[in-house]
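As a plain string of letters, each chain reads:
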Amino acid sequence: MRFFINIIKVLLFLGVGTALFIIPYEKFQIWFPQAPKVAVVKVAGIVSLLCGIIIMVLMLSEK
């Protein structure tokens, strides 16, 4: 059960990170008018991607 929860975490972090990093800022700002500057959104995407990768590495190293 814990394995499946970790897979969901990885997919969630990687999906959100990829979306924040790839989606053009103009489109993101339409969805969220109070969005911070472009750099903040892109850095949040990179941090989210890194968290997903770290969780995946930790999950695979447990086996």
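Since the model is a prediction, treat every value here as computed from it, not as a measurement.

The rules we used
Residues numbered from 1 in each chain as written. Predicted model: local features only at pLDDT ≥ 70, side-chain atom pairs only at ≥ 80, totals over all residues. Heavy atoms only, no water. Helix = DSSP H or I, 4+ residues; strand = E, 2+ residues; numbered from the N terminus. Rg over C-alpha atoms; globule rule 2.2 N^0.38 Å. Buried < 20%, exposed > 50% of the residue type's maximum accessible area, 1.4 Å probe, protein only. Core = buried A, V, L, I, M, F, W, Y, C linked by side-chain atoms within 4.5 Å. Contact = heavy atoms within 4.5 Å. Phe/Tyr/Trp six-rings, centres within 6.5 Å; stacked < 30°, edge-to-face > 60°.

Peer 1: Describe the overall build of the chain, and please don't skip the residues or the numbers.
Peer 2: Regarding its fold elements, the chain presents three helices and zero strands. Going residue by residue from the N terminus, the α and β elements of the chain occur as α-α-α. Relative to the compact-globule value of 11 Å for 63 residues, the chain shows a C-alpha radius of gyration of 14 Å, a clear excess of over 25%. Based on the C-alpha atoms only, the size of the chain along its principal axes is roughly 45 × 20 × 15 Å. In the chain, which comprises 63 residues, the share counted as buried stands at 21%.

Peer 1: Provide a residue-level description of the nonpolar core, including the pertinent values.
Peer 2: Ranked by size, the top nonpolar core spans five residues in total: Leu20, Tyr25, Phe28, Ala35 and Val41. The residues touching Ala35, leaving out its near neighbours within four places in the chain, are Tyr25 and Phe28.

Peer 1: Before we move on, could you go through the packing of aromatic side chains and cite the residues and values that matter?
Peer 2: Summed over the entire model, instances satisfying the criterion amount to two aromatic pairs. Where Phe3 meets Phe4, the ring centres are 6.0 Å apart and the plane angle is 70 degrees; that geometry is what we call edge-to-face. On the basis of relative accessibility, which here comes to 35%, the residue Phe3 falls in the partly exposed class. Under the relative-accessibility criterion, Phe4 is labelled exposed at 55%. Between Phe28 and Phe32 the ring centres are 5.1 Å apart and the planes differ by 45 degrees, which places this aromatic pair in the tilted class. Residue Phe28 is classed as buried on the basis of its relative accessible area, which comes to 14%.

Peer 1: An account of the side chain of Ser48 is requested, with residue identities and associated values reported.
Peer 2: Tracing the backbone shows Ser48 in helix α3 (residues 38-61). Its relative accessible area of 9% is what places Ser48 among the buried residues. Those residues in contact with Ser48 that lie beyond four places of it in its chain are Phe13, Val16 and Gly17.

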